[in-house]
Amino acid sequence: MEFLTEFFRAFFVGGLFCLAGQLLMDVGKFTPAHALSILVCLGSFLGAIGAYPALVRFAGFGAALPISSFGNSLVQGALAGARGGGVLGLFTGILSQVSAGIAAAVLFGFIVALFGKAKL
């Protein structure tokens, strides 16, 4: 029964993030890039005030997977870097926290570009 509760919380919170993105595009008439940026900024804001880690503890992967989690990772890296290295650590902390994800995106994008055909 506990598994079903965790599953429902993850599904519900992840669905709320998806709903927010869809409403931004449908009702707010934002482009997908704008909606993406807004969700990253929302995750950054929630991470900066300490609410996003609590959301991840509550919802599990439903909060850890969406793009808003990327914004939280940026903030957490910046805060950790600032504690360890001051102003310079602020910038290096951001990069060290998300560098694996960015490198994977570039690598997989390159692989797809090698074998895919661009549609113009």
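All of the points below concern the structure found in this document. Since the model is a prediction, treat every value here as computed from it, not as a measurement.

Each value, and the rule that gives it
- Residues numbered from 1 in each chain as written.
- Predicted model: local features only at pLDDT ≥ 70, side-chain atom pairs only at ≥ 80, totals over all residues.
- Heavy atoms only, no water.
- Helix = DSSP H or I, 4+ residues; strand = E, 2+ residues; numbered from the N terminus.
- Buried < 20%, exposed > 50% of the residue type's maximum accessible area, 1.4 Å probe, protein only.
- Contact = heavy atoms within 4.5 Å.
- Areas by Shrake-Rupley, 256 points an atom, 1.4 Å probe, with all protein chains shown as cover.
- Core = buried A, V, L, I, M, F, W, Y, C linked by side-chain atoms within 4.5 Å.
- Phe/Tyr/Trp six-rings, centres within 6.5 Å; stacked < 30°, edge-to-face > 60°.
- Polar contact = N/O pair within 3.5 Å; in protein donor to acceptor, adjacent residues only side chain to side chain.
- Expected span 1.5 Å × (residues − 1).

**A closer look at the overall build of the chain**
Here is step 1 of the chain: When helices and strands are counted, the chain shows 5 helices and 0 strands.
Here is step 2 of the chain: Along the chain, from the amino end to the carboxyl end, the secondary structure elements read α-α-α-α-α.
Here is step 3 of the chain: Projecting the C-alpha coordinates of the chain onto the three principal axes gives extents of approximately 45 × 45 × 30 Å.
Here is step 4 of the chain: The burial tally for the chain puts 24% of its 120 residues in the buried class.
Here is step 5 of the chain: Nonlocal contacts in the chain, meaning residues at least 24 apart in sequence, comprise 51% of its contacts between residues at least 6 apart.
Here is step 6 of the chain: A total accessible area of about 8,300 Å² is found for the chain, and carbon and sulfur atoms account for 77% of it.

**As for the nonpolar core**
Here is step 1 of the chain: V13, F17, L46, Y52, A59 and A63 together form the largest nonpolar core, which totals 6 residues.
Here is step 2 of the chain: Those elements that provide at least two residues to this core are α1 (2–26) and α3 (51–59).
Here is step 3 of the chain: For Y52, the residues in contact, after removing those within four places along its chain, are F17, G43, L46, G47, A63, S68, S69 and N72.

**Observations regarding the packing of aromatic side chains**
Here is step 1 of the chain: Scanning the entire structure with this criterion turns up 3 aromatic pairs.
Here is step 2 of the chain: Ring geometry for F8 against F12: centres 5.9 Å apart, planes inclined by 20°, an arrangement best described as stacked. Taken together, the residues span about one helical turn, with F8 and F12 both in helix α1 at a distance of 4 residues.
Here is step 3 of the chain: Using a relative accessible area of 52% as the deciding quantity, one classes F8 as exposed.
Here is step 4 of the chain: Judged by relative accessible area, F12 falls into the partly exposed class, the value being 44%.
Here is step 5 of the chain: Summarising the aromatic geometry, the rings of F17 and Y52 are spaced 6.3 Å apart at their centres and angled 45° between planes, so their arrangement reads as tilted. Of this pair, F17 sits in helix α1 while Y52 sits in helix α3; the two residues are 35 residues apart in sequence, bridging distant segments of the chain.

**Brief notes about the side chain of S44**
Here is step 1 of the chain: Locating S44 in the fold gives a position in helix α2 (residues 32–48).
Here is step 2 of the chain: Of note is the side chain of S44, whose polar atom sits 3.2 Å from the backbone oxygen of G71.
Here is step 3 of the chain: The residues touching S44, leaving out its near neighbours within four places in the chain, are G71, N72 and V75.

**Looking at α1**
Here is step 1 of the chain: Given a rise of 1.5 Å per residue, 25 residues ought to cover 36 Å, and the 35 Å separating the end C-alpha atoms of α1 matches this to within 8%.
Here is step 2 of the chain: All of the buried residues in α1 are A10, V13, G14, F17, G21 and L24.
Here is step 3 of the chain: Structurally, α1 contributes buried residues whose contacts are with α2, α3, α4 (61–64) and α5 (68–115).

**Considerations on the side chain of N72**
Here is step 1 of the chain: Checked against the element boundaries, N72 lands in helix α5.
Here is step 2 of the chain: For N72, a relative accessible area of 10% translates into the label buried.
Here is step 3 of the chain: When neighbours within four sequence positions are excluded, N72 is seen to be in contact with G43, S44, G47, Y52 and P53.

Geometry only, nothing functional implied.
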